[in-house]
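Each chain is listed here by its residues.
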Amino acid sequence: MIPSVLPTYNRAPLAFVKGEGSWLETADGTRYLDMGAGIAVNALGHAAPELVEALTEQASKLWHVSNLYQIPQQQALADALVEKTFADTVFFTNSGTEAAELAIKMARKYWSSKGEDRTEIITFDGAFHGRSTGAISATPNSEKMVKGFGPLLPGFTQLPWGDHEALKAAVTDKTAAILIEPIQGEGGIRPVPDQCLKGLRDLCDETGALLIFDEVQCGVGRSGRLFAHEWAGITPDIMMVAKGIGGGFPLGAVLATEDAASGMVAGTHGSTYGGNPLGCAVGAKVMEIVSEPAFLDQVNAKAGLLRQKLEGLIAAHPDTFESVRGTGLMLGLKCKRAPTDMVAAAYDQHLLTVPAADNVLRLLPALNISEADLAEAVTRLDAAASQLEKAA
Ligand SMILES: *Cc1c(COP(=O)(O)O)cnc(C)c1O
């Protein structure tokens, strides 16, 4: 008999009843150290007092009114994002997938409103942009995501990752946009080198194609900069954001330049919930905290510490781990075995991690995790690796 919850996930037999900072607790009081943060969502940890306050204060006043009316909380968050990024304008969604939908629509509308037939969108192997029909159509090479769901949306070409010649050959006068994660998340924590991001910007400037960054996972302080592309010193035309921006409240956004957004006039797009007062009150507090230079400095300091400890872990377990990669507190441990085995062994040590493609174990802690908790996480990973090695 089918479970009452549609069984599209292989869930761990773990249920948490409360959380505080980087720790989660089961009903019997067992504490787990959370190095996954709800897949890079709980940017400030669980039950962050500032976010609880922002949420409860707004919850007692007004949750939802619809976008038929002015929403001051939405205006304030949009203003903050515009002030702190390349963007001139913002549309709020409830998820990363919905942000992908709008990014795709916006790029095509841009060209159609100019009377040009440019609808093709280029993406890359290993990319993940969400699970809607549009978002899976963006990654047609991923059998796991698209098999059985066709016919897909036409107009997407997924190129090998890191193949500059294939990319140059693929961009034509039909190319509407290039869509890429500055640091691939699900694909296995693969950062695009800064010079390649610069090259992408140049290629888009030469050909007119719009550059879309998917910073759903790598954005909002995760990389040690407010947005990961800042490391490369270039900006996109359109950017998708979600996950960390709501700190656990479902919230996403599409940020764009005035030019890239020029086709999106009244009536061309909408969302009933997107940008509601509750979500935006929380998002504004997340932005206020995460965009502080001192906050980002501590992310980078902790990232350096974690990386150093992970190098030591790799040296101690050369048969289990191969290397560490990533930027900021978005790190991947490349394993010499299935990362799901590592995730399971880590559960035994009461440590939560997240698997990714390419044999990578993801470490995506809260951005304000303590140094002591980071050290504890590596101690537990060490024990998990020893346990696996003994069993082998
Ligand atoms: C998680 C993710 C998405 C999809 O976001 P949802 O909120 O799950 O819809 C899109 N792009 C990237 C890079 C992601 O990591």
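How each quantity is defined
- Residues numbered from 1 in each chain as written.
- Predicted model: local features only at pLDDT ≥ 70, side-chain atom pairs only at ≥ 80, totals over all residues.
- Heavy atoms only, no water.
- Near = heavy atom within 4 Å.
- Polar contact = N/O pair within 3.5 Å; in protein donor to acceptor, adjacent residues only side chain to side chain.
- Areas by Shrake-Rupley, 256 points an atom, 1.4 Å probe, with all protein chains shown as cover.
- Nonpolar A, V, L, I, M, F, W, Y, C, P; charged D, E, K, R; others polar.
- Phe/Tyr/Trp six-rings, centres within 6.5 Å; stacked < 30°, edge-to-face > 60°.
- Helix = DSSP H or I, 4+ residues; strand = E, 2+ residues; numbered from the N terminus.
- Buried < 20%, exposed > 50% of the residue type's maximum accessible area, 1.4 Å probe, protein only.
- Domains from an automatic or database assignment.
- Contact = heavy atoms within 4.5 Å.
- Buried area = accessible area lost by both parts, 1.4 Å probe.
- Salt bridge = Lys/Arg side-chain N within 4 Å of Asp/Glu carboxyl O.
- Pairing = 2+ DSSP bridges.
- Axes fitted to C-alpha atoms, helices over the stretch in contact; angles between N-to-C directions.
- Expected span 1.5 Å × (residues − 1).

1. Description of the site of the ligand
In step 1: In the region of the ligand, the neighbouring residues are S95, G96, T97, F128, H129, G130, E181, D214, V216, Q217 and K243.
In step 2: F128 is positioned such that a nitrogen or oxygen atom in its backbone is 3.1 Å from a nitrogen atom of the ligand.
In step 3: Between an oxygen atom of the ligand and a side-chain N or O atom of K243, the distance comes to 2.6 Å.
In step 4: When isolated, the ligand has an accessible area of 380 Å², and the protein chains bury 83% of it.
In step 5: Across the shell around the ligand, the residue classes break down as 2 nonpolar, 6 polar and 3 charged.

2. Details of the packing of aromatic side chains
In step 1: All told, the structure shown has 2 aromatic pairs when counted by the stated rule.
In step 2: Relative to Y32, the ring of F16 has its centre 5.4 Å away and its plane inclined at 75 degrees; by these criteria the two rings are edge-to-face. You can see F16 sitting in strand 1 (residues 16-20) and its partner Y32 sitting in strand 3 (residues 31-34), a full 16 residues away along the chain.
In step 3: Residue class for F16 comes out partly exposed when judged on its relative accessible area of 30%.
In step 4: Its relative accessible area of 8% is what places Y32 among the buried residues.

3. Here's the deal with the domain arrangement of the protein
In step 1: Examined at the domain level, the protein breaks down into domain 1 (16-34 + 293-391) and domain 2 (50-290).
In step 2: Listed by partner, the interface residues are 20 residues for domain 1 and 21 residues for domain 2.
In step 3: Between domain 1 and domain 2, roughly 1600 Å² of surface is buried when both sides are summed, and carbon and sulfur atoms account for 61% of that area.
In step 4: At the junction of domain 1 and domain 2, the tally comes to 1 salt bridge.
In step 5: E186 is the partner of R362 in a salt bridge, and the nearest nitrogen-oxygen pair spans 2.9 Å.
In step 6: Applying the counting rule to domain 1 against domain 2 returns 9 residue pairs in polar contact (both at pLDDT 80 or more).
In step 7: Secondary structure elements with two or more residues in the side of domain 1 that touches domain 2: helix 10 (293-316), strand 13 (321-327), strand 14 (330-335) and strand 17 (360-363).
In step 8: At 4 residues, helix 10 tops the list of elements feeding residues into the side of domain 1 that touches domain 2.

4. Overview of the sheet that holds strand 5 (residues 120-124)
In step 1: Taken in spatial order, the 7 strands of this open sheet run 4-12-11-10-7-5-6, and their pairing is mixed. Edge positions in the open sheet fall to strand 4 (89-93) and strand 6 (156-159), since each of these has one partner strand only. Averaged over neighbouring strand pairs, the angle between their axes works out to 20 degrees when direction is ignored.
In step 2: Two elements, strand 7 (residues 175-180) and strand 10 (residues 210-214), share 4 bridges in a ladder whose sense is parallel. Residue pairing for strand 10: L179 is matched across the bridge by I212.
In step 3: This element, helix 4 (residues 96-113), spans strand 4, strand 5, strand 6, strand 7, strand 10, strand 11 (238-241) and strand 12 (252-256) of the sheet and lies at about 165 degrees to strand 11.
In step 4: Contacts from helix 8 (residues 194-207) reach strand 7 and strand 10 within the one sheet, and its direction differs from that of strand 10 by about 145 degrees.

5. Section: the sheet that holds strand 13
In step 1: Reading across from one edge, 13-14-17-16 is the order of the 4 strands in this open sheet, with antiparallel pairing throughout. Here the strands that pair on one side only, and so sit at the sheet edges, are strand 13 and strand 16 (354-356). Each strand of the sheet is rotated relative to its neighbour by a mean of 30 degrees, with strand direction disregarded.
In step 2: Here strand 13 runs beside strand 14; their pairing, made up of 6 bridges, is antiparallel. Within strand 14, the position partnered with R325 by the bridge is G332.

6. Description of the pattern of salt bridges
Pairs can form between side chains of opposite charge once their charged atoms are near each other.
In step 1: Tallying each qualifying case throughout the model produces 12 salt bridges.
In step 2: Here E230 makes a salt bridge to R225, at a shortest N to O gap of 3.7 Å.
In step 3: For E230, a relative accessible area of 23% corresponds to the partly exposed category.
In step 4: R225 gets classed as partly exposed once you look at its relative accessible area, which sits at 30%.
In step 5: One salt-bridge network, in which partners are shared between bridges, spans R201, D205 and D237.

7. Section: the side chain of T85
In step 1: Note on placement: T85 falls in the loop between helix 3 (72-84) and strand 4.
In step 2: A polar atom in the side chain of T85 sits 2.7 Å from the backbone oxygen of L81.
In step 3: Polar side-chain contacts of T85 include one of 3.0 Å to the backbone nitrogen of A87.

8. Looking at helix 4
Along an α-helix, a turn takes 3.6 residues, which lines up residues three or four apart on a common side.
In step 1: The terminal C-alpha atoms of helix 4 lie 25 Å apart, and with 18 residues this matches the ideal 26 Å at 1.5 Å per residue to within 8%.
In step 2: G115 sits one or two residues past helix 4 and shows a positive phi near 75 degrees.

9. Considering the pairing of strand 12
In step 1: Most of strand 12 sits out of view: 5 of its 5 residues are buried.
In step 2: Side-chain alternation along strand 12 places G252, V254 and A256 on one buried face and A253 and L255 on a second face that is also buried.
In step 3: When strand 4 meets strand 12, the two strands line up antiparallel, connected through 5 bridges. By the bridge assignment for strand 12, F92 is matched with A253.
In step 4: Direction of pairing for strand 11 relative to strand 12: antiparallel, over a ladder of 4 bridges. If you follow I238 over to strand 12, its bridge partner there is A256.

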